[in-house]
Amino acid sequence: QVWLVESGGGLAQAGGSLRLSCAASGLIFSNYHMGWFRQAPGKEREFVAHITWNNERTYYADSGKGRFTISRDNAKNMVYLQMNSLKPEDTAVYYCGRFRGGTYYANSNYAYWGQGTQVTVSS
């Protein structure tokens, strides 16, 4: 069974930083592209960042370009999201997902999700 467990969320001030982690198990992690999404209250889950299996390519939503960095460590079955210059509008539950094909920015193209980690940014 595939498990994805996110961690690293918390309360941050605007302009601050957080580093989210996602631990994966039950899959050959290095075979899969991975992504981060987020969901704010009353909103749909939205794309944040995507990384290919070999770290060669990354993609970001416009909202996070220049502020967020996705990375992975295949030896540790981990994917990370470094978030800098946080804004109150970044407040959401952040999820990592295992990509299964199609367009990288559509949450329907991710097969598994973790339970999420809450990020709250105060102004």
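Residues numbered from 1 in each chain as written. Predicted model: local features only at pLDDT ≥ 70, side-chain atom pairs only at ≥ 80, totals over all residues. Heavy atoms only, no water.

Caption draft 1: Main features of the environment of Ala 40. Along the chain, Ala 40 turns up in the loop between β4 (34–39) and β5 (46–51). For the pair Ala 40 and Gln 118, spaced 78 residues apart in sequence, the C-alpha to C-alpha distance is 9.5 Å. (Helix = DSSP H or I, 4+ residues; strand = E, 2+ residues; numbered from the N terminus.)

Caption draft 2: Focus on the sheet that holds strand β8 (residues 78–83). Taken in spatial order, the four strands line up as β1-β3-β8-β7 in an open sheet, and their pairing is antiparallel. Looking at strand neighbours, the two that pair on one side only are β1 (3–7) and β7 (68–73), the edges of this open sheet. Strand-to-strand twist across the sheet, computed as the mean angle between neighbouring axes with direction ignored, equals 15°. Strand direction decides the pairing type here: β1 and strand β3 (residues 18–25), joined by five bridges, are antiparallel. Bridging from a neighbouring strand, Trp 3 pairs with Ser 25 of β3. (Pairing = 2+ DSSP bridges. Axes fitted to C-alpha atoms, helices over the stretch in contact; angles between N-to-C directions.)

Caption draft 3: Spotlight on the side chain of Arg 38. Following the sequence through the fold, Arg 38 ends up in strand β4. Of the residues examined, Arg 38 reaches a relative accessible area of 6% and is grouped as buried. Within the structure, Arg 38 has its side chain in polar contact with the side chain of Asp 90 (distance 2.9 Å). A polar contact is formed between the side chain of Arg 38 and the side chain of Tyr 94, at a distance of 2.9 Å. Among residues more than four places away in sequence, those in contact with Arg 38 are Glu 44, Arg 45, Glu 46, Val 48, Ser 63, Phe 68, Glu 89, Asp 90, Ala 92, Val 93 and Tyr 94. (Buried < 20%, exposed > 50% of the residue type's maximum accessible area, 1.4 Å probe, protein only. Polar contact = N/O pair within 3.5 Å; in protein donor to acceptor, adjacent residues only side chain to side chain. Contact = heavy atoms within 4.5 Å.)

Caption draft 4: A look at the side chain of Arg 67. Within the fold, Arg 67 resides in the loop between β6 (58–60) and β7. For Arg 67, a relative accessible area of 10% translates into the label buried. Of note is the side chain of Arg 67, whose polar atom sits 2.9 Å from the backbone oxygen of Ser 85.

Caption draft 5: Focus on the pattern of salt bridges. Enumeration over the complete set of coordinates arrives at four salt bridges. We note a salt bridge from Arg 38 to Glu 46, for which the minimum N-O separation is 2.6 Å. Note on Glu 46: relative accessible area 36%, which makes it partly exposed. Here Lys 65 makes a salt bridge to Asp 62, at a shortest N to O gap of 3.2 Å. Residue class for Lys 65 comes out partly exposed when judged on its relative accessible area of 49%. A cluster of three or more residues bridged by salt bridges with shared partners is formed by Arg 38, Glu 46, Arg 67 and Asp 90. (Salt bridge = Lys/Arg side-chain N within 4 Å of Asp/Glu carboxyl O.)

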